[in-house]
Amino acid sequence: MTGSQQVSSGVRQRLSAPRGHRFSRPGANRPLAAPPQPRQHRHSSGPYFTTPETHSERQARLLRQMEGNPRVAHMLQHGPTPHWFEVDRQRREQEEREARRFEEAFAALTDDAPATPTRGRHRAPRRWWGWPAAAISTTLLLAQTTAEALSRTIFQTGFPPL
């Protein structure tokens, strides 16, 4: 810039603003939604004592806001959840009832047997398979040592006569 050009006050204002405040954010100049009208408390007077809206009031307010939405129209026509949700829930409840009934019957049959203590959330420790592995490796080592000793003896002295 040269000294002969005048800088507009808008540019000067932008340049002097602190970082992060030089330009407006998208949607910042959008008009704010009108605040809801204060509702009066049921037992006292004045607009400052508001009660939280009930579930049905909130649902009615949201449905008014979403009027014309095809998904909302479908929900109002067919219900909030599909039919198979209800069928699946009933099936799971029936299976739980049957399992509980089976466990009670099994417990009644095995009452005289001592109850095994539960092991908690962790897995039971696995059996240690080290002994069979040690036995196999020892046998293989012995066989290898024996084979080496026999092969040395045979190659040094030759094959025995038959």
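See the structure above.
(A) Main features of the overall build of the protein chain. Each helix and strand counted, the protein chain has five helices and zero strands in total. The buried share among the 162 residues of the protein chain stands at 2%. By element, 59% of the accessible surface of the protein chain is carried by carbon and sulfur atoms, the whole surface being about 16400 Å².

(B) Region of the structure containing the packing of aromatic side chains. The final tally for this structure, using the stated rule, is two aromatic pairs. Ring centres 4.5 Å apart and planes at 65 degrees place the aromatic pair Trp 84 and Phe 85 in the edge-to-face group. For Trp 84, a relative accessible area of 55% puts it in the exposed group. A centroid spacing of 6.4 Å and a plane angle of 20 degrees characterise the contact between Phe 102 and Phe 106, whose relative ring orientation is stacked. Residue Phe 102 and its partner Phe 106 are located together in helix α4 (residues 83-109), separated by four residues, close to a single helical turn. In this structure Phe 102 comes out as exposed when scored by relative accessible area, which is 59%.

(C) Structural view of the pattern of salt bridges. Summed over all chains, the structure comprises six salt bridges. Among the salt bridges present, the one from Glu 86 reaches Arg 89, with a minimum N-O distance of 2.2 Å. In this pair, Glu 86 and Arg 89 both sit in helix α4, three residues apart, roughly one turn of the helix. Taking relative accessible area as the criterion, Glu 86 reaches 33% and is therefore assigned partly exposed. Look at Arg 89 and you get partly exposed, because its relative accessible area is 33%.

(D) Representation of helix α5 (residues 130-157) in the model. Taking 1.5 Å of rise per residue, 28 residues should cover 40 Å, and α5 covers 40 Å from first to last C-alpha, within 8% of that figure. Following α5 by one or two positions, Gly 158 has its phi on the positive side, about 90 degrees.

(E) Representation of helix α3 (residues 70-78). Two or three places before Arg 71, at the start of α3, stands the capping residue Asn 69, its side-chain oxygen 3.0 Å from that residue's backbone nitrogen. Looking one or two residues past α3, Gly 79 carries a phi angle of roughly 100 degrees, positive in sign.

(F) Region of interest: the environment of Thr 157. Examined against the element boundaries, Thr 157 turns out to sit in helix α5. Polar side-chain contacts of Thr 157 include one of 2.7 Å to the backbone oxygen of Thr 153.

Parameters and conventions
- Residues numbered from 1 in each chain as written.
- Predicted model: local features only at pLDDT ≥ 70, side-chain atom pairs only at ≥ 80, totals over all residues.
- Heavy atoms only, no water.
- Helix = DSSP H or I, 4+ residues; strand = E, 2+ residues; numbered from the N terminus.
- Buried < 20%, exposed > 50% of the residue type's maximum accessible area, 1.4 Å probe, protein only.
- Areas by Shrake-Rupley, 256 points an atom, 1.4 Å probe, with all protein chains shown as cover.
- Phe/Tyr/Trp six-rings, centres within 6.5 Å; stacked < 30°, edge-to-face > 60°.
- Salt bridge = Lys/Arg side-chain N within 4 Å of Asp/Glu carboxyl O.
- Expected span 1.5 Å × (residues − 1).
- Polar contact = N/O pair within 3.5 Å; in protein donor to acceptor, adjacent residues only side chain to side chain.

In short, geometric facts, not functional conclusions.
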